[in-house]
Amino acid sequence: MAQKASTSHGPPTLTVKGRDMRLRTIGFLVLAALAIWFIAANTGSVTIKLWIPTVTLPLWAVLTVTLLVGILFGLFIARRRAVRSR
């Protein structure tokens, strides 16, 4: 006899230590951990030429600023798509 399938159409989840976690959240946590590890592993100094000035900064600072700018751009684009799809 066939079993009745669940008709839940919510986001995909995974049970971790008795709690349901969305797969998107787990993926975000894995990527965040990898980004933090990568930033922490790169501690040397780099010289960056901005249009006119040339600055020397620790690589971890440059990577952190780049990550934050990327996150802000991603949130901005996601927000615009959400508003457009309404």
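Computed from a prediction, not measured in an experiment: that's the story for all the values here.

Trainee: Before we move on, could you go through the overall build of the chain and cite the residues and values that matter?
Mentor: Within the chain, the secondary structure is distributed over 2 helices and 4 strands. Counting all 86 residues of the chain, 3% fall into the buried class. Sequence-distant contacts in the chain: of pairs separated by 6 or more residues, those separated by 24 or more amount to 12%. For the chain, the computed accessible surface area is about 8,100 Å², with 67% contributed by carbon and sulfur atoms.

Trainee: Account for the packing of helix α1 (residues 23-41) against helix α2 (residues 59-84), with residues named and values stated.
Mentor: Each packed pair of helices is defined by two parameters, the angle between the axes and the distance between the axes. Where α1 contacts α2, the two axes come as close as 8 Å, and the packing angle between them is 155°. As summarised for this structure, α1 and α2 are arranged roughly antiparallel, according to the angle between their axes. Read as a crossing pair, α1 and α2 show a hand that is right-handed. Where α1 approaches α2, its residues A35, F38 and I39 are matched on the opposing element by W60, L63, T64 and L67.

Trainee: Quick one: what's the story with the confidence of the model for the chain, residue by residue and with numbers?
Mentor: Per-residue confidence for the chain averages 83 on the pLDDT scale, and 90% of its residues sit at or above 70. Across the chain, the secondary-structure element scoring lowest on mean pLDDT is strand β1 (residues 13-16), at 72, and the one scoring highest is strand β4 (residues 54-58), at 94.

Trainee: Go over a nonpolar patch on the surface with me, naming the residues and quoting the values.
Mentor: A cluster of nonpolar side chains, V30, L31, L34, W37 and F38, forms an exposed patch at the surface whose accessible area comes to about 570 Å². With a relative accessible area of 49%, L34 lands in the partly exposed category.

Trainee: Report on the pairing of strand β3 (residues 45-49), specifying residues and quantitative values.
Mentor: On a regular strand, each side chain points to the face opposite its neighbour's, so the side chains alternate between the two faces of the sheet. With 0 of 5 residues buried, β3 lies mostly on the surface of the structure. Pairing of β3 with β4 involves 5 bridges; the strand directions are antiparallel. Looking at β4, one finds that T47 is bridged to T56. The antiparallel pairing of β3 with β4 creates a hairpin that spans 4 residues between the two strands.

Trainee: Explain the pairing of strand β2 (residues 19-22) to me, using residue names and the numbers behind them.
Mentor: Across 4 bridges, β1 lies against β2 in antiparallel orientation. Counted as the bridge partner of V16 is R19 from β2. Between β1 and the antiparallel strand that follows it, β2, lie 2 residues; K17 among them carries a positive phi value of about 50°.

What counts, and at which threshold
- The residue count restarts for each chain, going from 1 along the sequence in the order it is written.
- Since the coordinates come from a predicted model, pLDDT governs what is reported: local features require at least 70, and pairs of side-chain atoms require 80 or more to be given and counted, while whole-chain, interface and lining totals use all residues.
- Based on all heavy atoms of the structure, the side-chain values leave hydrogens and waters out of the count.
- Starting at the N terminus, helices and strands are each numbered in turn, a helix being any DSSP run of H or I of at least four residues and a strand any DSSP run of E of at least two.
- In this scheme, a residue with accessible area under 20% of its type's maximum is buried, one over 50% is exposed, and one in between is partly exposed, where area comes from a 1.4 Å probe on protein chains only.
- Contact between two residues is taken to exist if any of their heavy atoms lie within 4.5 Å; hydrogens are not considered.
- All accessible areas in this document rest on Shrake-Rupley with a 1.4 Å probe, and a residue is counted as covered only by the protein chains that are shown.
- The convention used is that axes are lines fitted to C-alpha atoms, helices contributing only their stretch in contact, and that angles between N-to-C directions extend from 0 to 180 degrees.
- Every angle not falling under 35 degrees, over 145, or within 65 to 115 is termed oblique; those three ranges are roughly parallel, roughly antiparallel and roughly perpendicular.
- Each crossing is labelled by how the near helix is turned from the far one, with a counterclockwise turn of less than a right angle marking it left-handed and a clockwise turn marking it right-handed.
- The score called pLDDT rates the predictor's confidence residue by residue, from a low of 0 to a high of 100.
- Nonpolar side chains (Val, Leu, Ile, Met, Phe, Trp, Tyr) within 5 Å and like charges within 9 Å form the patches, drawn only from residues with over 30% relative accessible area and no salt bridge.
- Here, a salt bridge means any Lys or Arg side-chain nitrogen found within 4 Å of an Asp or Glu carboxyl oxygen.
- In short, DSSP must find at least two bridges between two strands for them to pair.

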